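Overview (structure and organization)
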Amino acid sequence: MEQNRHTKNIIIKCGNDFLFPITLILGFYVILHSHLTPGGGFQGGVVVAAGVALVFLAYGNEGLKKIFPFPEILKQTENVGSLIYSFFALLGILSATNFCRNTIFNQGTPGDLYSSGTIFWMNFSVGLKVMMGISFMLIIMFKALDTKNENK
Amino acid sequence: MKRFFTILFLAIIASVSFYVSGLIYTLPPILLNGYNGVADIIVKDTISKTHALNAVTAIVFDFRGYDTLGESFVLCTAVTGVAVILRKAVKGGRNDGAE
């Protein structure tokens, strides 16, 4: 059991190399098409964040440190996502109606990729936020896990 | 004495629940004159009001947008709490530089 944590299995590495791009593409598809097909910002963000767990399973903390050398950037990007959401919620007040009102909904025909106005942008911002937040949380937890193994 | 109070409160709770469940039958039906509240609007006017084909996304991000705003702030607070709790464990280990 102790050796398996340091020397990774070749099957897990090859499976990760095969599944990682598919996970990212599926997650971004679910985020961007959430007003047309089942899914949404939360679900797509969590699917993208599962890619971080895949990288940890295959390459450990060293691989995570190569991909994300500065994890604080993820936390800052999450706050930018919530600012984008607040801006598109304030668009209703700027156009003299109530908060969170969808005032630009008649852009494009229903069924297009860019349609439904603020729903598209709110989905994008929530997807960005969940993706970055869960990734940051996973990286922090994996690092804490590693130091606990180191102390024993 | 304790047993007496237990039985008393149980009797009060039982009588109140029987009374309320009897009252439910006297309420008017929810579907009154074909009007079903906000559910009717959401089911029938989703595409004309929001141009979104997925009705669930239209509810979550348009009709209940304020709720989703609070939900995303809850996530932000949770991530901040995890970072604060695990900060020392990460800093003291081999892989430092993540706080």
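Residues numbered from 1 in each chain as written. Chains lettered and ligands numbered in written order. Predicted model: local features only at pLDDT ≥ 70, side-chain atom pairs only at ≥ 80, totals over all residues. Heavy atoms only, no water.

1. What to know about the overall build of chain B
Check the secondary structure of chain B and you find six helices and zero strands. Along the chain direction, N to C, the helices and strands of chain B fall in the order α-α-α-α-α-α. Per-residue burial over chain B gives 23% buried out of 99 residues. As displayed, chain B offers around 7,300 Å² of accessible surface, 70% of which is attributable to carbon and sulfur atoms. (Helix = DSSP H or I, 4+ residues; strand = E, 2+ residues; numbered from the N terminus. Buried < 20%, exposed > 50% of the residue type's maximum accessible area, 1.4 Å probe, protein only. Areas by Shrake-Rupley, 256 points an atom, 1.4 Å probe, with all protein chains shown as cover.)

2. With respect to a nonpolar patch on the surface
A grouping of B:M1, B:F4, B:F5, B:L8, B:F9, B:I12, B:V16, B:Y19, B:V20, B:L23, B:I24 and B:L27 is seen on the molecular surface, where their side chains present a nonpolar patch of about 1,200 Å² in accessible area. Turning to its location among the elements, B:I24 is positioned in helix α1 (residues 2–24). (Patch = residues over 30% accessible without salt bridge, like charges linked within 9 Å, V, L, I, M, F, W, Y side chains within 5 Å. Salt bridge = Lys/Arg side-chain N within 4 Å of Asp/Glu carboxyl O.)

3. Focus on the interface of chain B and chain A
When the parts of a complex come together, some accessible area is lost, and that lost area is often taken as the interface size. In this complex, chain B contributes 35 residues to the contact, which on the side of chain A involves 46 residues. In this assembly, chain B packs against chain A so that about 3,400 Å² is buried in total across both faces, 67% of it on carbon and sulfur atoms. Connecting chain B to chain A are zero salt bridges. Here chain B is connected to chain A by 11 residue pairs in polar contact (both at pLDDT 80 or more). For the side of chain B that touches chain A, the elements supplying multiple residues, two or more each, are α3 (46–50), α4 (55–63), α5 (65–85) and α6 (87–91) of chain B. Ranked by residue count, the leading element in the side of chain B that touches chain A is α5(B), at 13 residues. (Contact = heavy atoms within 4.5 Å. Buried area = accessible area lost by both parts, 1.4 Å probe. Polar contact = N/O pair within 3.5 Å; in protein donor to acceptor, adjacent residues only side chain to side chain.)

4. A word on the confidence of the model for chain B
Residues and elements named next belong to chain B. Of all residues in chain B, 80% have pLDDT values of 70 or greater, and the mean over the chain is 82. Per-element confidence in chain B ranges from a low mean pLDDT of 68 for α6 to a high of 93 for α1. In this model, residues 93–99 is a region of pLDDT below 50 whose contacts with residues beyond four sequence positions or in other chains number 24 contacts. Per the prediction output, this complex has pTM 0.78; the corresponding ipTM is 0.81. (pLDDT = per-residue confidence, 0-100.)

5. Quick look at the nonpolar core
Formed by 37 residues in total, the largest nonpolar core has its most connected members in A:L64, A:Y85, A:M122, A:I134, A:F136 and B:F61. Taken together, the elements giving at least two residues each to this core come down to α3 (41–67), α4 (72–94) and α5 (118–151) of chain A together with α4 and α5 of chain B. The biggest single contributor to this core is α5(A), with 15 residues. Each residue touching A:M122, except ones within four places of it in the same chain, is listed here: A:Y85, A:F88, A:A89 and B:F61. (Core = buried A, V, L, I, M, F, W, Y, C linked by side-chain atoms within 4.5 Å.)

6. Some words on unusual backbone geometry
All names here are of chain A. For C100, which is not a glycine, the phi torsion comes out positive at approximately 65 degrees. Inspection of the secondary structure puts C100 in the loop between α4 and α5. Despite not being glycine, S116 shows a phi value in the positive range, around 65 degrees. The topology assignment puts S116 in the loop between α4 and α5. What makes S116 buried here is its relative accessible area of 0%.

7. Some words on the pattern of salt bridges
Residue and element names in this part refer to chain A. Under the defined criterion, the tally for this structure stands at two salt bridges over all chains. A salt bridge links E78 to K75; the nearest nitrogen and oxygen atoms lie 3.3 Å apart. Highlighted residues: E78 and K75, both in helix α4, separated by three residues, approximately one helical turn. A relative accessible area of 0% means that E78 is categorised as buried.

8. Describing the packing of aromatic side chains
Working definition: an aromatic ring pair is given by the centre-to-centre distance plus the angle between the planes. All names here are of chain A. Applying the stated rule across the entire model yields 10 aromatic pairs over all chains. Relative to W121, the ring of F120 has its centre 5.4 Å away and its plane inclined at 85 degrees; by these criteria the two rings are edge-to-face. Exposure remark for F120: the relative accessible area of 12% places this residue in the buried category. When its relative accessible area of 28% is taken as the criterion, W121 is described as partly exposed. Linked through ring pairs, F87, F88, Y114, F120, W121 and F124 together constitute an aromatic cluster. (Phe/Tyr/Trp six-rings, centres within 6.5 Å; stacked < 30°, edge-to-face > 60°.)

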